[in-house]
Amino acid sequence: MRILVVEDDANLNRQLVEALQEAGYVVDKAFDGEEGHFLGDTEPYDAVILDIGLPEMDGITVLEKWRAASRVMPVLILTARDRWSDKVAGIDAGADDYVTKPFHVEEVLARIRALIRRAAGHASSEIVCGPVRLDTKSSKATVDGLTLKLTSHEYRLLSYLMHHMGEVVSRTELVEHLYDQDFDRDSNTIEVFVGRLRKKLGVDMIETVRGLGYRMQAPAK
Ligand code: CA
């Protein structure tokens, strides 16, 4: 899962980026509205954290432009305390949720998890696919109750496939959602990671759809 953080306060930006990375996300960051708008307009994100008070272009304008261009990724806005009008303007502009500053980073993480889950059509924090269970709260996965030892990259791959269970996910889509913008992207490495993940899962659940990509679904009973 790939997240964009748009926040001009350098400390806060770093704090959010570090917490998100620790939680297993790949993160791109921007420090002003123009840069943030450009990234959100051109790169696919699973969720965006957007500050409202930004230099160059304010957060409300950034959000309005994305929505006008049919960019539908979930957006969590950060608003200053006692600026209730920002919340109203943000939600009207297409925000999915908001957090008021100052906040606990855990609250932002919980809201991001919920936004990503809901965008993928899952109501609970645990996603189940046959014998595989993904706990998005603890970033852990189990097969038949046994915890899988996954690298952060393997977890991201499994998490993306499980959030999109039953859908064919292309290699390009995986590359775009598993790596940040600075990464040297090579879709061949995806095959290697899928191979490793299949081995760790030990059950035949990730189907290769020739020429199209991969699909994860529960084995037929
Ligand atoms: Ca700000």
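Residues numbered from 1 in each chain as written. Predicted model: local features only at pLDDT ≥ 70, side-chain atom pairs only at ≥ 80, totals over all residues. Heavy atoms only, no water.

So, the packing of helix α1 (residues 10-22) against helix α5 (residues 105-119)
And then number 1: Axis separation between α1 and α5 bottoms out at 10 Å; the angle between their running directions is 55 degrees. If you check the angle between α1 and α5, you find them oblique. Note that α1 runs across α5; the crossing there is right-handed. Facing Gln15, Leu16, Ala19 and Leu20 of α1, the residues of α5 in contact are Val105, Val108 and Leu109.
And then number 2: Grouping the amino acids of the contact of α1 with α5 by side-chain chemistry returns 6 nonpolar, 1 polar and no charged. (Axes fitted to C-alpha atoms, helices over the stretch in contact; angles between N-to-C directions. Helix = DSSP H or I, 4+ residues; strand = E, 2+ residues; numbered from the N terminus. Parallel < 35°, antiparallel > 145°, perpendicular 65-115°, else oblique. Left-handed = near helix turned anticlockwise from the far one by under 90°. Contact = heavy atoms within 4.5 Å. Nonpolar A, V, L, I, M, F, W, Y, C, P; charged D, E, K, R; others polar.)

Some remarks on the coordination of the calcium ion
And then number 1: For the calcium ion, every protein donor is listed as Asp8 (OD), Asp51 (OD) and Gly53 (O), and the spread of their distances is 2.2 to 2.3 Å.
And then number 2: All donors of the calcium ion belong to a single chain; written as a sequence motif, their spacing is D-x42-D-x1-G.
And then number 3: Accessibility expressed as a relative area gives 4% for aspartate 51, which makes it buried. (Donors = N, O, S within 2.8 Å, 3.2 Å for Na, K, Ca; no water. Buried < 20%, exposed > 50% of the residue type's maximum accessible area, 1.4 Å probe, protein only.)

Topic: the sheet that holds strand β10 (residues 168-169)
And then number 1: Pairing is antiparallel across the open sheet formed by 3 strands, whose spatial order is β10-β12-β11. The open sheet has two edge strands, β10 and β11 (206-209), and neither has a second partner.
And then number 2: As paired strands, β11 and strand β12 (residues 213-216) are joined by 4 bridges and run antiparallel to one another. When the bridges of β12 are listed, glutamate 207 appears paired with arginine 215.
And then number 3: Where helix α6 (residues 152-163) meets the sheet, its contacts fall on β10, β11 and β12, and the angle it forms with β12 comes to roughly 70 degrees. (Pairing = 2+ DSSP bridges.)

Considerations on the pattern of salt bridges
And then number 1: Applying the stated criterion across every chain, the model contains 12 salt bridges.
And then number 2: The residue arginine 111 makes a salt bridge to glutamate 107 at a minimum N-O spacing of 3.0 Å. Residue arginine 111 and its partner glutamate 107 are both found in helix α5; the two are separated by 4 residues, about one turn of the helix.
And then number 3: Residue classification places arginine 111 among the partly exposed positions, given a relative accessible area of 28%.
And then number 4: Linked by salt bridges that have partners in common, Arg2, Asp28 and Glu43 make up one network. (Salt bridge = Lys/Arg side-chain N within 4 Å of Asp/Glu carboxyl O.)

A look at the domain arrangement of the protein chain
And then number 1: Entries for the protein chain in the domain assignment read domain 1 (2-119) and domain 2 (126-216).
And then number 2: Summarising the inter-unit geometry, the C-alpha centres of domain 1 and domain 2 are found 25 Å apart.
And then number 3: Taken together, the contact between domain 1 and domain 2 spans 15 residues of the former and 13 residues of the latter.
And then number 4: Taken together, both faces of the contact between domain 1 and domain 2 bury some 1200 Å²; the carbon and sulfur share is 50%.
And then number 5: Together, Arg2, Val26 and Arg113 form the three largest contributors to the area buried by domain 1 at its contact with domain 2, with a combined 36%.
And then number 6: Counting across the interface, domain 1 meets domain 2 through 0 salt bridges.
And then number 7: Our count for the domain 1 to domain 2 interface comes out at 5 residue pairs in polar contact (both at pLDDT 80 or more).
And then number 8: A breakdown of the residues in the side of domain 1 that touches domain 2 according to their chemical character gives 8 nonpolar, 1 polar and 6 charged. (Domains from an automatic or database assignment. Buried area = accessible area lost by both parts, 1.4 Å probe. Polar contact = N/O pair within 3.5 Å; in protein donor to acceptor, adjacent residues only side chain to side chain.)

Quick notes on the nonpolar core
And then number 1: Ranked by internal contacts, the top residues of the largest apolar core, which has 49 residues, are Ile49, Ile112, Leu158, Leu174, Leu201 and Met216.
And then number 2: Residue contributions to this core reach at least three from each of two domains, namely domain 1 (2-119) and domain 2 (126-216).
And then number 3: With sequence-adjacent residues up to four places away left out, leucine 201 is seen in contact with Val132, Val143, Leu148, Leu158, Ile206 and Met216.
And then number 4: Judged by nonpolar contacts, the second largest core, of 19 residues, contains Val6, Val48, Met57 and Met73. (Core = buried A, V, L, I, M, F, W, Y, C linked by side-chain atoms within 4.5 Å.)

A few points about the environment of valine 26
And then number 1: Among the structural elements, valine 26 can be located in strand β2 (residues 26-30).
And then number 2: Owing to a relative accessible area of 8%, valine 26 belongs among the buried residues under this scheme.
And then number 3: Expressed as a C-alpha distance, the spacing of valine 26 and arginine 171, which sit 145 residues apart in the sequence, is 17 Å.

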